[in-house]
Amino acid sequence: TTMTVGSECTAWSLKVLQMLACKAGGQAMVEPFLPDIVEAMLSGSITFNACEAACATISFLVAGSVRITASLRPIKSRLVRAVQLLSWAFVEAEGSDCRKVKSLQAWVSVLADILGDPRPLVDDDDGMVPVDKELKEEDMQVSTAL
């Protein structure tokens, strides 16, 4: 049917844009298509594969450009909501344990994180997780039994 062909074309187009966006210099080639990517995500009729590719493409573009990040922040909630709605549709159709639901829920978190307000840096944060207890010698021994 026409709807299936259109959906597949959208999914493949977004997948190609995703592959281009992750390559060196790819951002400049893909950025002009950002409005189309956003339109596809907000259409309400995006397929799972197309949504995954669109989320990945947006994440690559945002990672490479503060300007793109700033341009997408005002519609962050609409993008996140679109992915949530698709995820909920799969929950109803296939149950909450299906791979598609888990993947879309992960993309919801990614979009919310990368398009959210920047986190404040803490001067004394060295990236190390504090240890609450002393390690015992037996905890540090590596087992050789396989």
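For the structure, check the block above.
Novice: So what's going on with the packing of aromatic side chains? Residues and values would help.
Specialist: Here the structure, examined in full by the defined rule, presents one aromatic pair. Summarising the aromatic geometry, the rings of phenylalanine 48 and phenylalanine 90 are spaced 6.0 Å apart at their centres and angled 85 degrees between planes, so their arrangement reads as edge-to-face. In this pair, phenylalanine 48 is assigned in helix H4 (residues 48-64) and phenylalanine 90 in helix H6 (residues 76-94), connecting sequence segments 42 residues apart. One exposure class covers both phenylalanine 48 and phenylalanine 90, and it is buried.

Novice: An account of the environment of serine 77 is requested, with residue identities and associated values reported.
Specialist: On the secondary structure map, serine 77 appears in helix H6. On the basis of relative accessible area, serine 77 is assigned to the exposed category, the value being 52%. Once the C-alpha coordinates of serine 77 and valine 108 are considered, the two residues, 31 residues apart in sequence, prove to be 10.0 Å apart.

Novice: How would you explain helix H7 (residues 99-114) if you had to name every residue and give the values?
Specialist: Taking 1.5 Å per residue, 16 residues should reach 22 Å; H7 reaches 22 Å between its end C-alpha atoms and fits that length. Within H7, burial applies to Val101, Ser103, Leu104, Trp107, Val108 and Leu111. Down the axis of H7, the buried side of the element spans an arc of 160 degrees, and every buried residue falls inside it. The secondary structure elements touched by the buried residues of H7 are helix H3 (34-42), H4 and H6.

Thresholds, definitions, all that
Residues numbered from 1 in each chain as written. Predicted model: local features only at pLDDT ≥ 70, side-chain atom pairs only at ≥ 80, totals over all residues. Heavy atoms only, no water. Phe/Tyr/Trp six-rings, centres within 6.5 Å; stacked < 30°, edge-to-face > 60°. Helix = DSSP H or I, 4+ residues; strand = E, 2+ residues; numbered from the N terminus. Buried < 20%, exposed > 50% of the residue type's maximum accessible area, 1.4 Å probe, protein only. Expected span 1.5 Å × (residues − 1). Arc of directions from axis to C-beta. Contact = heavy atoms within 4.5 Å.

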